[in-house]
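Examination of the molecular architecture
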Amino acid sequence: IVDISCAFPPVPDTPDHIALAERLGYRRAWVYDTPALQLDVWMTLARAAERTRRIELGPGVLIPSLRHVLVTASAVATLVELAPGRVNVGIGSGFTGRLAMGQRPNPWRLVAEYIRQLKALLAGEVVEIEGAATQMIHGPGQAPSRPIRVPIVVGTGGPRGEAVARQLGDGIFTVVPVAGFAWASLLTFGTVLEPGESPESERVLLAAGAGAGVVFHRAFDLPGAPGRPGLSDLPGGAEWLAAIEAMPRRERHLHTHRGHLTYPNDIDRKVLTGDVIQRFTFTGEAPALRERMRELGARGVTEIAYQPAGPDIPRELTAFARMAG
């Protein structure tokens, strides 16, 4: 059985959308760590915690270079205080959150060190960080008592990340199916089509186009990634690349990631078609999507984290929940 969860960018309406997801029966809600694009992940999660009682909550996924590890430990403790027993933490090397600032993903050795330090801090241990002894020295009534135990999943995109997940994590958070983990969460984008609805419609473009556009973003930012299509393999890839290369080099990352996973930007719109959307997103009529879910479960996926997009998030969440049963 595959758990059905959801994922969101941290925007003003997200806490209310997470509350709706709880009413619809989603198991978990993940929130992105994308400060160049949206609001703060921890504030968004705290607001969601105050609106919910059952749904599990967590960042999916944090980027180590954006925060001192003690700041993250304190943020985890804050969310645990607000939503005890419902907190999960995702940590990765950084895709959008780094690339949208013109930076490369963090080295995996840094990610591994950050996870070790975070776990030790939450356990109440003294940790050497930047040459100094560091500890959560919160007094009685100032934070949950240590040890604070929360599951940690690792956002992976290849064998090095998977090795860190096996060593230090409780599971993985990916955009492609990976077998061999007891907890394997797959981030998905797309929309449930109405019977007979054309994938070329404006509704489908707005609801699923951003999910397809990320394939072009990744092919441009991380060329040669194993198992991923390059721009030359993508329909419209040459046209998309020409549009990006027409921008000043120092600003290209700003244009590449504008609207990332939330709306199709002007450059993405040049190449997004119904065929591209159906090829690269979880888009189709309900019976076909249910079959794809069964196939994903057979390939090792234990959780689908669905990110709705477009102007009608409640419609997308409701349609996906009904499709998934």
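Residues numbered from 1 in each chain as written. Predicted model: local features only at pLDDT ≥ 70, side-chain atom pairs only at ≥ 80, totals over all residues. Heavy atoms only, no water.

1. Notes on helix α5 (residues 108-122)
- The terminal C-alpha atoms of α5, which comprises 15 residues, lie 21 Å apart, in line with the 21 Å expected from a rise of 1.5 Å per residue.
- Here the buried face of α5 lies against α3 (69-82), β4 (89-92), β5 (127-129), β6 (132-134), β7 (152-155) and α6 (159-168).
- Phi turns positive one or two residues past the end of α5, at Gly 124, with a value near 90 degrees. (Helix = DSSP H or I, 4+ residues; strand = E, 2+ residues; numbered from the N terminus. Expected span 1.5 Å × (residues − 1). Contact = heavy atoms within 4.5 Å.)

2. Looking at the packing of aromatic side chains
- Evaluated as defined, the whole model comprises six aromatic pairs.
- When the centroid spacing of 6.3 Å and the interplanar angle of 45 degrees are considered together, the rings of Trp 30 and Trp 183 count as tilted. Of this pair, Trp 30 sits in strand β2 (residues 28-31) while Trp 183 sits in the loop between β8 (171-174) and β9 (184-189); the two residues are 153 residues apart in sequence, bridging distant segments of the chain.
- The class of Trp 183 is buried, set by a relative accessible area of 12%.
- Taking the centre distance of 4.0 Å and the plane angle of 5 degrees together, the rings of Tyr 306 and Phe 320 count as stacked. Of the two residues, Tyr 306 sits in strand β12 (residues 303-307) while Phe 320 sits in helix α13 (residues 313-324), which places them 14 residues apart along the sequence.
- Its relative accessible area of 1% is what places Tyr 306 among the buried residues.
- Grouped by ring-pair contacts, the aromatic residues Trp 30, Phe 173 and Trp 183 constitute a single cluster. (Phe/Tyr/Trp six-rings, centres within 6.5 Å; stacked < 30°, edge-to-face > 60°. Buried < 20%, exposed > 50% of the residue type's maximum accessible area, 1.4 Å probe, protein only.)

3. Some details on helix α12 (residues 286-298)
- Taking 1.5 Å as the rise per residue, α12 with 13 residues should run 18 Å; its terminal C-alpha atoms sit 19 Å apart, in good agreement.
- Within α12, burial applies to Ala 286, Leu 289, Met 293 and Leu 296. Down the axis of α12, the smallest arc covering the buried residues is 75 degrees, so these residues share one side. Those residues of α12 that are exposed and aimed more than 90 degrees away from the buried face are Pro 287, Arg 294 and Ala 298.
- Buried residues in α12 make contact with β1 (3-8), β9, β10 (192-193), β11 (284-285), β12 and α13.
- Trailing α12 by a residue or two, Gly 300 shows a phi angle of about 105 degrees, which is positive. (Arc of directions from axis to C-beta.)

4. What to know about the environment of Gly 171
- Positionally, Gly 171 belongs in strand β8.
- Taking relative accessible area as the criterion, Gly 171 reaches 3% and is therefore assigned buried.
- Along the sequence, Gly 171 and Ser 185 sit 14 residues apart, while their C-alpha atoms lie 7.7 Å from each other.
- Apart from the residues within four sequence positions on either side, Gly 171 is in contact with Ile 152, Val 153, Val 154, Ala 165 and Trp 183.

5. Observations regarding the packing of α5 against α6
- For the pair α5 and α6, the least separation of the axes is 10 Å and the interaxial angle reads 20 degrees. The angle between the axes of α5 and α6 places the two elements in the roughly parallel class. As α5 runs across α6, the sense of the crossing is right-handed. Contacts between α5 and α6 involve Trp 108, Ala 112, Ile 115, Arg 116 and Lys 119 from the former and Arg 160, Gly 161, Val 164, Gln 167 and Leu 168 from the latter.
- Counted by class, the contact of α5 with α6 contains five nonpolar, two polar and three charged residues. (Axes fitted to C-alpha atoms, helices over the stretch in contact; angles between N-to-C directions. Parallel < 35°, antiparallel > 145°, perpendicular 65-115°, else oblique. Left-handed = near helix turned anticlockwise from the far one by under 90°. Nonpolar A, V, L, I, M, F, W, Y, C, P; charged D, E, K, R; others polar.)

6. Some remarks on the pattern of salt bridges
- By the definition in use, this model includes 14 salt bridges.
- A salt bridge links Glu 194 to Arg 315, with the shortest nitrogen-to-oxygen separation between them at 2.8 Å. Taken together, the residues Glu 194 in the loop between β10 and α7 (202-221) and Arg 315 in helix α13 connect sequence positions 121 residues apart.
- Classification of Glu 194 by relative accessible area gives partly exposed; the value is 42%.
- Judged by its relative accessible area of 18%, Arg 315 is buried.
- The network of salt bridges with shared partners includes Asp 3, Arg 27, Arg 28, Glu 56 and Glu 303. (Salt bridge = Lys/Arg side-chain N within 4 Å of Asp/Glu carboxyl O.)

7. A word on the sheet that holds β9
- In spatial order, the strands read β3-β2-β1-β12-β9-β8-β7-β4; together these eight strands make up an open sheet with parallel pairing. The strands lining the two open edges of the sheet, one partner per strand, are β3 (56-59) and β4. Each adjacent strand pair in this sheet contributes to an overall mean axis angle of 25 degrees, direction not counted.
- Taken together, the four bridges between β2 and β3 define a ladder with parallel strand orientation. Looking at β3, one finds that Ala 29 is bridged to Leu 57. (Pairing = 2+ DSSP bridges.)

8. Side note on the packing of helix α1 (residues 14-24) against α13
- Following both chains from N to C, one finds α1 and α13 inclined at 20 degrees, their axes separated by 10 Å at the closest point. One element, α1, and the other, α13, form an angle in the roughly parallel class. Relative to α13, the crossing made by α1 is right-handed. In this structure, α1 contributes His 17, Leu 20, Ala 21 and Leu 24 to the contact, and α13 contributes Ile 313, Pro 314, Leu 317, Thr 318 and Ala 321.
- The residue makeup of the contact of α1 with α13, split by class, is seven nonpolar, two polar and no charged.

9. Some thoughts on the nonpolar core
- Counting residues in hydrophobic clusters, the biggest one holds 68 residues, and the most contacted among them are Tyr 26, Leu 57, Ile 91 and Phe 320.
- At nine residues, α5 tops the list of elements feeding residues into this core.
- Excluding residues that lie within four positions of it along the chain, Tyr 26 makes contacts with Ile 4, Ser 5, Cys 6, Ala 21, Ile 55, Tyr 306, Leu 317, Phe 320 and Ala 321. (Core = buried A, V, L, I, M, F, W, Y, C linked by side-chain atoms within 4.5 Å.)

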